[in-house]
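Examining the three-dimensional arrangement
So the chains spell out like this:
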Amino acid sequence: MKTTSSSVNRFQKAWLIGVSYALIAMLGIYISVYQLTILSISQYFRLATVSMGFLIGIQHFGMVVPPLILGVLCAKIGKRKVITTALALIIVGTSIAAWSHKMWLFGIAVFFIGAGFSVSEATLSALMADEYPNESKRHLGFSQAAFSIGALIGPFIAQWLIRTGLYFKDLFLVCAFMFSLLLAAFLFVRNQHDKGELTSRTNRNYFKDFYGSKPLMLIGAAIFLYVGVENTIANYADSFFELALELPEYSALALGLFWGAMIPSRILFGILKVNEKMSFIVLSSILFLSLIGLVLSNNPTIETTLFAACGFFCGPLWPMLMGKAAKENVGSAGPAMNIMMSFSAMGGAVLPFLAGFAITDQRIELAYVICMVATLTMVVTYSVFSNKDVLKKTEKD
């Protein structure tokens, strides 16, 4: 009986982790497909260049509020129900997006997708962190590597489907179908800590505790800046190569390399034991130098190489920051990571939106100047957090 029970537990763990990784990889496929088609969507609806920032921003504005609501519900109704609801939102949103011919309807669809995207990614990460707290760093690194693999293959799958005769808007239907299959698989997931330990950990208001914690707010600010940089780099890749360099054939390669280069760095982060503060500062600094190269160079080979470099040095930053949030909220990672996802979404909305106002058809590279400023600010914010974290540990001792 013990052997049978042990085998069942191993299968349940493998199924939970496997389905979670697959869903996060599918999120990566979707986001890179959306990034690749931003220019086509804006041309379809006859929008000006500045409106590309709106198309990027509206999805991420959809990611801001739902995690604040559904994230705390993790402690009341459980993470499985929250994830199921989030995936249903993505399926509805992608289906509407495929059939919409009006900009306002497409905007609503993308808003729904954003809501489901942020909640599902955060809660899937929290699910693994609460189920296997001693392995949370590894699963954050590996699951984000899965995200990067999805984002790497997404543009190539999209271009292949388009070459076979599929209209670019029909890509949303393909995504809806895949998310439906994965939702069906997720319904068979079983976990032990579905509601976490929020209610037993504190009788006070969770939001008050969270926003009253300066270290957590600093992590949130750093995540805001990081995701803004990541999304701006990726979302303007297609426009950068087509409008600034007049080499549209390089855009899918550059975007694929950006996401693909995150895979080895995220796997290494999941395996290696490193000084996280020093690693964060070094990776961010090299990212800053790579962005300078993007702005100054006009050589397509160098530009694509620099996109890969940006991806490699971006790779571990998000799991590092989310891992810090999970450690600060052991047993109640669901609410914490959903709130952090709201910071992520705000950054992913605000920075590309600002970049949309700053750029012109002839000066797309200004988007990457904004990324440079945000990267420097992120390093300062993380350094302040690290100092406060050390101070807090000293006070406890």
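Since the structure is predicted, the reported quantities are computational estimates derived from the model, not experimental observations.

1. Considerations on the side chain of Ser 284
Considering the arrangement of structural elements, one finds Ser 284 in helix 15 (residues 276-296). Not counting the four nearest positions on each side in its chain, Ser 284 is found in contact with Leu 317, Thr 375, Met 378 and Val 379.

2. Examining the pattern of salt bridges
Should the charged atoms of two oppositely charged side chains come close, the side chains can pair. Per the counting criterion, the structure on display carries one salt bridge. Of the charged contacts, one joins Arg 266 and Glu 230 as a salt bridge, the two residues approaching to 3.9 Å between their closest N and O atoms. With Arg 266 in helix 14 (residues 262-271) and Glu 230 in helix 11 (residues 214-235), this pair connects stretches of sequence that are 36 residues apart. Pair check on accessibility: Arg 266 and Glu 230 agree, each one buried.

3. Observations regarding the environment of Leu 16
Take Leu 16: it is sitting in helix 1 (residues 2-36). By relative accessible area, which is 0% here, Leu 16 ends up buried. Sequence separation between Leu 16 and Leu 124 is 108 residues, and the spatial gap between their C-alpha atoms is 9.6 Å. Beyond its immediate chain neighbours, meaning those up to four positions away, Leu 16 contacts Leu 127, Met 128, Glu 131, Tyr 132, Val 189, Arg 190 and Asn 191.

4. So, the state of the cysteines
Inspection of every chain in the model, using the stated rule, returns zero disulfides. Cys 310 takes part in no disulfide bond, and the closest cysteine sulfur, belonging to Cys 314, lies 6.3 Å away. The exposure class assigned to Cys 314 is buried, which follows from its relative accessible area of 0%.

5. Regarding helix 8 (residues 171-186)
In this model, helix 8 (16 residues) spans 23 Å end to end at C-alpha, consistent with the 22 Å of a helix rising 1.5 Å per residue. Inspection of helix 8 places Leu 171, Phe 172, Cys 175, Ala 176, Phe 179, Leu 182, Leu 183, Ala 185 and Phe 186 among the buried residues, and these make up the whole buried set.

6. Describing the packing of helix 11 against helix 13 (residues 251-260)
Their axes nearest at 10 Å, the elements helix 11 and helix 13 cross at an angle of 155°. Our classification of the angle between helix 11 and helix 13 gives roughly antiparallel. Residues Glu 230, Ile 233 and Ala 234 of helix 11 touch helix 13, and the partners they reach there are Leu 255, Phe 258 and Trp 259.

7. Considering empty space enclosed by the protein
Gaps between atoms show up when a probe of the same size as a water molecule is rolled over them. In this structure the tally under the stated criterion is three cavities of 30 Å³ or more. Volume-wise, the largest cavity comes out at about 190 Å³. Considering the residues around the largest cavity, the lining is formed by 18 residues, among which Phe 117, Glu 121, Val 227, Glu 230 and Asn 231 are closest to the centre. Contributions of two or more residues to the lining of the largest cavity are made by helix 1, helix 6 (103-131), helix 7 (136-163), helix 11 and helix 18 (333-358). Its residues assigned to classes, the lining of the largest cavity comprises ten nonpolar, five polar and three charged. Approximately 70 Å³ is the volume attributed to the second largest cavity. Around the second largest cavity sit ten residues that line it, and Lys 137, Glu 276, Pro 319, Gly 323 and Lys 327 are the ones nearest its centre. Secondary structure elements with two or more residues in the lining of the second largest cavity: helix 7 and helix 17 (317-328). Take the lining of the second largest cavity: its biggest share by element is five residues, from helix 17.

8. Notes on the packing of aromatic side chains
Following the criterion strictly, the structure yields 13 aromatic pairs and no others. Judged by centre distance (6.0 Å) and plane angle (25°), the rings of Phe 11 and Trp 15 are stacked. Here Phe 11 pairs with Trp 15, and both are found in helix 1, just four residues apart, close to one helical turn. Centre to centre, the rings of Phe 147 and Trp 259 are 5.7 Å apart; their planes meet at 70°, and the pair counts as edge-to-face. Taken together, the positions of Phe 147 in helix 7 and Trp 259 in helix 13 put the pair 112 residues apart, joining distant regions of the chain. The burial state of Phe 147 is the same as that of Trp 259; both residues are buried. Taken together, the ring pairs in this structure connect Tyr 30, Tyr 34, Phe 106, Phe 117, Phe 147, Phe 172, Phe 258 and Trp 259 into an aromatic cluster.

9. A short note on the environment of Ser 143
Locating Ser 143 in the fold gives a position in helix 7. Distance in space between the C-alpha atoms of Ser 143 and Ser 125 is 7.8 Å, their sequence separation being 18 residues. Apart from the residues lying within four places of it in its own chain, the contact partners of Ser 143 are Tyr 21, Ile 24 and Met 128. From its side chain, Ser 143 meets the backbone oxygen of His 139 in a polar contact 2.7 Å long.

10. Overview of the confidence of the model for the chain
Averaged over all residues, the pLDDT of the chain equals 81, while 82% of them reach at least 70. The secondary structure element of the chain with the lowest average pLDDT is helix 9 (residues 198-201), at 46, and the one with the highest is helix 8, at 95. With pLDDT under 50 throughout, residues 198-204 is counted as low confidence; its partners more than four residues away or in other chains account for ten contacts. Counting contacts from residues 393-397, a segment whose pLDDT is below 50, to residues more than four positions away or on other chains yields zero contacts.

What counts and how
- Residues numbered from 1 in each chain as written.
- Predicted model: local features only at pLDDT ≥ 70, side-chain atom pairs only at ≥ 80, totals over all residues.
- Heavy atoms only, no water.
- Helix = DSSP H or I, 4+ residues; strand = E, 2+ residues; numbered from the N terminus.
- Contact = heavy atoms within 4.5 Å.
- Salt bridge = Lys/Arg side-chain N within 4 Å of Asp/Glu carboxyl O.
- Buried < 20%, exposed > 50% of the residue type's maximum accessible area, 1.4 Å probe, protein only.
- Disulfide = S-S within 2.5 Å.
- Expected span 1.5 Å × (residues − 1).
- Axes fitted to C-alpha atoms, helices over the stretch in contact; angles between N-to-C directions.
- Parallel < 35°, antiparallel > 145°, perpendicular 65-115°, else oblique.
- 1 Å grid on protein atoms, 1.4 Å probe; cavity = no way out; pocket = protein on both sides within 12 Å on 5 of 7 lines; lining within 4 Å.
- Points joined across faces, edges and corners; volume = space filled by probe spheres on them.
- Nonpolar A, V, L, I, M, F, W, Y, C, P; charged D, E, K, R; others polar.
- Phe/Tyr/Trp six-rings, centres within 6.5 Å; stacked < 30°, edge-to-face > 60°.
- Polar contact = N/O pair within 3.5 Å; in protein donor to acceptor, adjacent residues only side chain to side chain.
- pLDDT = per-residue confidence, 0-100.

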